[in-house]
Amino acid sequence: MRLDLSSRSIALLLSGLVAAVLTALVLVVPTMSRQQAVLAAGITVAACFLLLYLLFEALIFREVNNIYQELEHIKRKDFRRLSNKLLFRPEPLKRMREEILDLAQRKQQEIDELKRLQELRREFLADVSHELKTPIFAAQGFVHTVLDEEEESPDGSMDAATRRKFLRKAAASLDALDQLVQDLLTISQLEKGVLRMRRQPFDLAQLVRDIFEQLELQAARHQVRLELQLLPAMLPETDPVSVLADRSRIRQVLINLIDNAIKYGRQPGHVVVCLEASAKKVRVQVRDDGEGIAKQHQQRIFERFYRIDKSRSRDSRAAGGSGLGLAISKHLVEAHKSTIRVHSEPGEGTTLEFKLSRPR
């Protein structure tokens, strides 16, 4: 059983014990009356209490308070202010222990966070280097092939069609490199908060239809059928589903989500974009019928360059993906004061959803 005693309690206890011992000794002396013994005990208690209390305060607790003041100085460097009255409360040892533990815990959390950020920075630099290297080496290889052929065969043994083919592949690799750089700049601006949203009313259903037309050929290559669902079901197809948002940024989000659903859904398969309208919000859902995503990966898919497995990484690079689409989408949705959520079970497909405000 633990006892929490202040310096005053300790001094009182010790002085009481000393007085009890002295009183017991005095009572055995026959020449001293009981009243004189009680008086002697009282004087002894008072003297011992003052002596011990002053001893504790002068030699121990004063020094403890000095240490505590140094801790307060450290806290002020951390921009945390405390009242000076706290320095004169009882139980300074207990206070000092709590403050030291609190300070140590906060510093350990800061160290852990710095280690985590350092690891993320290291992974990010490695991923960026790898992603930049792929299109650069591809373009470099095609261009050098054309140049080497011209140097070795001045008569032009490489026909014009082959040369154009190599140059088109080099141009495609450079376009992928440009897209990667643009995506990096976009996500950097989003994280800094310098990319402003231009909110205006527009028809979200018509935007989805326009995106379907843009991705129609890609969906056909993967044998994927694109479908738009409007809820409630009685909502006419011709009625607009108005939202208040930045149209170009929401278009970018939807292209990223639908493109991922086409790539990673079943082939042949089915991708559904569902718009569920209410009085104040529109719920946007993009569903595929693919393999699904395990629980441990569901939040990490929004990290930059994160891929669940190598096969998905190879597929996305072959399709021209930068590995930043979902990360950018997450930041864009959050810039609209919403959150993008994942609902998925292995073997049952994946649904990504977010909400947009309606015009008032």
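Computed from a predicted structure; not experimentally measured.

### With respect to the overall build of the chain
For the chain, the helix and strand inventory stands at nine helices and seven strands. Partitioning the contacts of the chain with sequence separation of at least 6, the portion at a separation of at least 24 is 74%. Summing over all exposed atoms, the chain offers an accessible surface of approximately 22,800 Å²; the carbon and sulfur share of this is 56%.

### Examining helix α5 (residues 204–214)
Residues of α5 that are buried: Leu204, Ala205, Leu207, Val208, Ile211 and Phe212. Down the axis, α5 shows its buried residues gathered within 160 degrees of arc, on one side only. For α5, the side-chain oxygen to backbone nitrogen distance between the N-cap and Ala205 is 3.1 Å, and the N-cap itself is Asp203.

### A word on the pattern of salt bridges
In this structure the tally under the stated criterion is nine salt bridges. With its nearest N and O atoms 3.0 Å apart, the salt bridge here joins Asp259 to Lys263. In this pair, Asp259 and Lys263 are both assigned in helix α7 (residues 247–264), four residues apart and thus about one turn of the helix distant. By the burial criterion, Asp259 is buried, and Lys263 matches it.

### A look at the nonpolar core
One finds Leu204, Leu254, Ile258 and Leu275 to be the most contacted residues of the largest nonpolar core, which totals 52 residues. Here this core takes eight residues from α7, the largest share from any one element. Setting aside residues up to four positions removed in sequence, Ile258 forms contacts with Ile211, Phe212, Leu215, Leu226, Val273 and Val286.

### Points about a positive patch on the surface
Taken together, the side chains of Arg164, Lys165, Arg168 and Lys169 define a basic patch exposed on the protein surface. Along the chain, Lys169 turns up in helix α4 (residues 160–192).

### Some details on unusual backbone geometry
Cis geometry is adopted by the peptide bond preceding Pro268, which originates at Gln267 and carries an omega value of 0 degrees. Relative to the helices and strands, Pro268 resides in the loop between α7 and β4 (269–277). Here the phi dihedral of Gln223 falls at roughly 55 degrees; this positive angle occurs in a residue that is not glycine. Looking at where Gln223 falls in the secondary structure, it is placed in the loop between α6 (216–221) and β2 (224–231). A positive phi angle, near 60 degrees, is found at Lys337, a position not held by glycine. Along the polypeptide, Lys337 turns up in the loop between α9 (325–335) and β6 (341–344). Relative accessible area serves as the criterion here: at 73%, Lys337 is assigned to the exposed category.

### Some thoughts on the packing of aromatic side chains
Inspection of every chain in the model, using the stated rule, returns one aromatic pair. Judged by centre distance (5.8 Å) and plane angle (85 degrees), the ring pair of Phe142 and Phe166 falls under edge-to-face. Placement of the pair is Phe142 in helix α3 (residues 92–152) and Phe166 in helix α4, with a sequence separation of 24 residues. Judged by relative accessible area, which is 22%, Phe142 ranks as partly exposed.

### Some thoughts on a nonpolar patch on the surface
On the surface, Val143, Leu147 and Leu167 cluster together to form a nonpolar patch covering roughly 220 Å² of accessible area. Its place among the elements puts Leu147 in helix α3.

### Observations regarding the sheet that holds β2
Taken in spatial order, the five strands make up an open sheet running β2-β4-β5-β7-β6, and their pairing is mixed. The two strands at the open ends of the sheet, each matched to only one other strand, are β2 and β6. Within this sheet the neighbouring strands show an average axis-to-axis angle of 20 degrees, counted without direction. Judged from the eight bridges that link them, strand β5 (residues 281–288) and strand β7 (residues 350–357) form a sheet pairing that is antiparallel. Looking at β7, one finds that Gln285 is bridged to Glu353.

### Details of the confidence of the model for the chain
Per-residue confidence for the chain gives a mean pLDDT of 77; residues scoring 70 or more make up 70%. Ignoring residues within four places in sequence, the model shows residues 79–88, a span with pLDDT below 50, making 13 contacts including any to other chains. Note that residues 310–320 has pLDDT below 50 and, in this model, eleven contacts with residues that lie over four places away or in other chains.

About the thresholds
Residues numbered from 1 in each chain as written. Predicted model: local features only at pLDDT ≥ 70, side-chain atom pairs only at ≥ 80, totals over all residues. Heavy atoms only, no water. Helix = DSSP H or I, 4+ residues; strand = E, 2+ residues; numbered from the N terminus. Contact = heavy atoms within 4.5 Å. Areas by Shrake-Rupley, 256 points an atom, 1.4 Å probe, with all protein chains shown as cover. Buried < 20%, exposed > 50% of the residue type's maximum accessible area, 1.4 Å probe, protein only. Arc of directions from axis to C-beta. Polar contact = N/O pair within 3.5 Å; in protein donor to acceptor, adjacent residues only side chain to side chain. Salt bridge = Lys/Arg side-chain N within 4 Å of Asp/Glu carboxyl O. Core = buried A, V, L, I, M, F, W, Y, C linked by side-chain atoms within 4.5 Å. Patch = residues over 30% accessible without salt bridge, like charges linked within 9 Å, V, L, I, M, F, W, Y side chains within 5 Å. Lys, Arg positive; Asp, Glu negative; His and termini not counted. Charge placed at Lys NZ, Arg CZ, Asp CG, Glu CD. Phe/Tyr/Trp six-rings, centres within 6.5 Å; stacked < 30°, edge-to-face > 60°. Pairing = 2+ DSSP bridges. Axes fitted to C-alpha atoms, helices over the stretch in contact; angles between N-to-C directions. pLDDT = per-residue confidence, 0-100.

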